[in-house]
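Structural description and commentary
Listed below, chain by chain, are the residues.
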2 protein chains.
Amino acid sequence: MNVEYILPNEIEHRSFEIITAELEALGITIPLDQAPITKRVIHTSADFDYAKTMCYSNGAIDLAKELIKSGAHIVTDTNMALAGINKKKLASYGGQVHCFMADEAVAIEAKQRQVTRATVSMERAAALNMPVIFAIGNAPTALISLHEMMEAGVFTPEFVIGVPVGFVNVEAAKELFLNSTVPYIINKGRKGGSNIAAAIVNAILYSI
Amino acid sequence: MNVEYILPNEIEHRSFEIITAELEALGITIPLDQAPITKRVIHTSADFDYAKTMCYSNGAIDLAKELIKSGAHIVTDTNMALAGINKKKLASYGGQVHCFMADEAVAIEAKQRQVTRATVSMERAAALNMPVIFAIGNAPTALISLHEMMEAGVFTPEFVIGVPVGFVNVEAAKELFLNSTVPYIINKGRKGGSNIAAAIVNAILYSI
């Protein structure tokens, strides 16, 4: 296999053409509004499984765009997702990305209460008291904590991007939101990650 | 599926147990020294394909550990990998992580020369003039540029972690190093990513 000469600014375009052609060859049709998001997730992972497992609640994409356009902030559970989200583009609508996971105070409180840092981070996010899109790419306990706050009637997230990855409680945590009334973009199953969370947020930003 | 109660510090341990059991069920045996790395890659992606595609040159893992123990730095091609690598642990051996991709001067030079920012970043890395482990999680052009410098006789990397992801030149770029004499950890095929690059570096750090 030889290296193909291609101009830097054409690489992404060509990649999306390849993804589109291979989805067609696989007989997979993605609804028009979901395509930019699901294809960017495949672009970021080279994993076509996502074409079968990405789930969107009714009207989720339009709502996410509206939230961002009206200045909603983003809270994520990993510094990798924070690094990957296009913060300049988000800031052009007034939004910022927050990640409380590495805060020393969060770590201390989590240890004392024997909960995960994600749990404490979600409580911090709830206390922001502003419209927030949650972009969860790592910790199922982040989703579980958000759901517990909902059940307790203390907080309901406006929007959840739920793509934690892993083997313990990941699928169960996603199901909590698949069965809730909160607008969501969720990847069913074990797969996901901070790169996937960032790709979803960026795809929404780029399609506004 | 119900949420299982598990202590935060037990989640990772339990995850690795599940991965080990499922690899066994799949009839896949991973060499003992590679297991902590390949399993951490699966842990970070929930993708067992990596068990079949992760490639290690002879003695690669011992060499990577030695390099880190003697203070080698890490150069990566994405800020997400930089965010994900355990910098405190690396610093305990004297190393730092560098990513030149977001430097304004790199962007300007890349535009002028019609090359990718990754190419310019690799030239910056070569000019560091110190032992470096390259951890490439995004840009095949980073690998291609490193290989071009080798061919031109101007620079040879000490070690390459080659896990760019994608559809254009990714497989070809990896093959350049699979066929070279540079010690490597490479994931064959299209898959990889900044999360995978960070997972590999961290697995090496944790197994020293």
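From a predicted model like this one, the values you see are computed outputs, not experimental measurements.

What about the relation of the copies chain B and chain A?
- Taken as rigid bodies, chain B and chain A are interconverted by a rotation of 180° and an axial shift of 0.0 Å, the fit giving an RMSD of 0.0 Å. The transformation relating the two chain copies, once decomposed into turn and shift, fits a two-fold axis. Of the C-alpha atoms belonging to chain B, the one lying closest to the rotation axis is found on B:Met80, 2.4 Å away.
- Most of the interface of chain B is mirrored in chain A: 100% of its interface residues are interface residues there too.

Quick word on the side chain of A:Lys174
Residues and elements named next belong to chain A.
- Counting through the fold element by element, Lys174 comes out in helix α10 (residues 170–178).
- Buried within the structure, Lys174 lacks any salt-bridge partner; Glu171 is the closest side chain of opposite charge, at an N-O distance of 7.7 Å.
- When residues no more than four places from it in sequence are discounted, the contact partners of Lys174 are Leu143, Gly162, Val163, Pro164, Ile186, Asn187, Lys188, Gly189, Arg190 and Lys191.

What to know about the sheet that holds strand β4 (residues 132–136) of chain A
All names here are of chain A.
- A sheet is described by the order of its strands in space; here six strands give the open sequence β1-β6-β5-β4-β2-β3, paired in mixed fashion. Of all strands in the sheet, those bounded by a partner on one side alone are β1 (54–56) and β3 (97–98).
- When strand β2 (residues 73–76) meets β4, the two strands line up parallel, connected through four bridges. The partner of Ile74 across the bridge, within β4, is Ile133.
- The sheet contacts of helix α2 (residues 35–45) involve β1 and β6 (184–187), and relative to β1 the element is tilted by about 155°.

What about the pairing of strand β4 (residues 132–136) of chain B?
Residue and element names in this part refer to chain B.
- Counting buried residues in β4 gives five out of five residues, a clear majority hidden from the surface.
- In β4, alternate side chains face the same way, and those of Val132, Phe134 and Ile136 on one face and Ile133 and Ala135 on the other are all buried.
- Crossover connection from β4 via helix α9 (residues 140–151) to parallel strand β5 (residues 159–162): handedness right-handed.

Quick look at the packing of helix α1 (residues 8–25) of chain B against helix α2 (residues 35–45) of chain B
All names here are of chain B.
- Look at α1 against α2: their axes get within 10 Å of each other, and the N-to-C directions meet at 105°. Here α1 lies roughly perpendicular to α2, going by the angle between them. In this structure, α1 uses Glu12, Ser15, Phe16, Ile19, Thr20 and Leu23 to contact α2, whose residues at the interface are Lys39, Arg40, Ile42 and His43.
- For the contact of α1 with α2, a count of residues per class yields four nonpolar, three polar and three charged.

Comments concerning the pairing of β6(A)
Residue and element names in this part refer to chain A.
- A two-sided burial pattern is seen for β6, the buried positions comprising Tyr184 and Ile186 on one face and Ile185 and Asn187 on the other.
- Sheet topology note: the strand β5 (residues 159–162)/β6 ladder contains three bridges and is parallel. Following the sheet pairing, Gly162 is matched in β6 by Ile186.
- Handedness of the crossover is the feature at issue here: the chain leaves β5, passes through α10, returns alongside β6, and the resulting connection is right-handed.

Side note on the interface of chain B and chain A
- With 44 residues of chain B in contact, the opposing surface of chain A contributes 44 residues.
- Regarding the contact of chain B and chain A, the summed buried area is about 3400 Å², with carbon and sulfur atoms giving 68% of it.
- Viewed at the interface, chain A and chain B are joined by four salt bridges.
- Linking A:Asp47 and B:Lys191 is a salt bridge whose minimum nitrogen-to-oxygen distance equals 3.9 Å.
- On the surface where chain B and chain A come into contact, there are five residue pairs in polar contact (both at pLDDT 80 or more).
- Residue assignment for the side of chain B that touches chain A shows that the elements contributing at least two residues are α1, α2, α5 (79–84), α10 (170–178) and α11 (194–206) of chain B.
- Looking at which element gives the most residues to the side of chain B that touches chain A, the answer is α1(B), with seven residues.

Some details on the packing of aromatic side chains
- Scanning all chains against the criterion turns up four aromatic pairs over all chains.
- Between A:Phe134 and A:Phe155, the aromatic rings sit 5.9 Å apart at their centres with planes inclined by 75°, giving edge-to-face as the arrangement. A residue pair is termed long-range when its members are at least 10 positions apart, and A:Phe134 in strand β4 and A:Phe155 in the loop between α9 (140–151) and β5 qualify at 21 residues. The residues A:Phe134 and A:Phe155 share a single accessibility class, namely buried.
- Judged by centre distance (5.9 Å) and plane angle (80°), the ring pair of A:Phe167 and B:Phe48 falls under edge-to-face.

Scoring rules and cut-offs
Numbers given for residues are sequential positions, taken from 1 along each chain in its written order. Written order determines the labels here, with chains lettered from A and ligands numbered from 1. Restriction of local features to residues with pLDDT of at least 70 applies here, the model being predicted, together with a cutoff of 80 or more for giving and counting side-chain atom pairs; totals for whole chains, interfaces and linings are based on all residues. For side-chain calculations, the full set of non-hydrogen atoms in the structure is used, while hydrogens and water are omitted. Alignment of the copies relies on least squares applied to C-alpha atoms, considering only residues that score at least 70 for pLDDT in both. The contact criterion used is simple: two residues touch if any of their non-hydrogen atoms lie within 4.5 Å. Every helix listed is a DSSP run of H or I at least four residues long, and every strand listed is a run of E at least two residues long, numbered separately from the N terminus. Buried means the residue's accessible area, taken with a 1.4 Å probe over protein chains only, is under 20% of the maximum for its type, while exposed means over 50%, and partly exposed covers the values in between. Only four residue types enter the tally: Lys and Arg on the positive side, Asp and Glu on the negative side; His and the chain ends are excluded. Salt bridge criterion: a side-chain nitrogen from Lys or Arg within 4 Å of a carboxyl oxygen from Asp or Glu. Criterion used throughout: strands pair if DSSP finds at least two bridges between them. Axis definition: a line fitted to C-alpha atoms, over the contacting stretch in the case of helices. Angles run 0 to 180 degrees between N-to-C directions. A crossover gets the label right-handed when its path from the first strand over the helix to the second runs clockwise, viewed with the strands pointing away from the viewer. An angle counts as roughly parallel when it lies under 35 degrees, as roughly antiparallel when it exceeds 145, as roughly perpendicular when it falls between 65 and 115, and as oblique in every other case. Under the scheme applied here, ten amino acids are nonpolar (Ala, Val, Leu, Ile, Met, Phe, Trp, Tyr, Cys and Pro), four are charged (Asp, Glu, Lys and Arg), and all others, including Gly, are polar. For any pair of parts, buried area is found by adding up, for both, the accessible area (1.4 Å probe) each one loses once the two are put together. In the analysis that follows, any N or O atom pair within 3.5 Å is treated as a polar contact, provided that within protein one partner can donate a hydrogen and the other can accept it, and provided that, for residues neighboring in sequence, both atoms belong to side chains. Whether two aromatic rings pair depends on their centres lying within 6.5 Å, for rings of Phe, Tyr and Trp, where Trp uses its six-membered ring; planes under 30 degrees apart make the pair stacked, over 60 edge-to-face, and the rest tilted.

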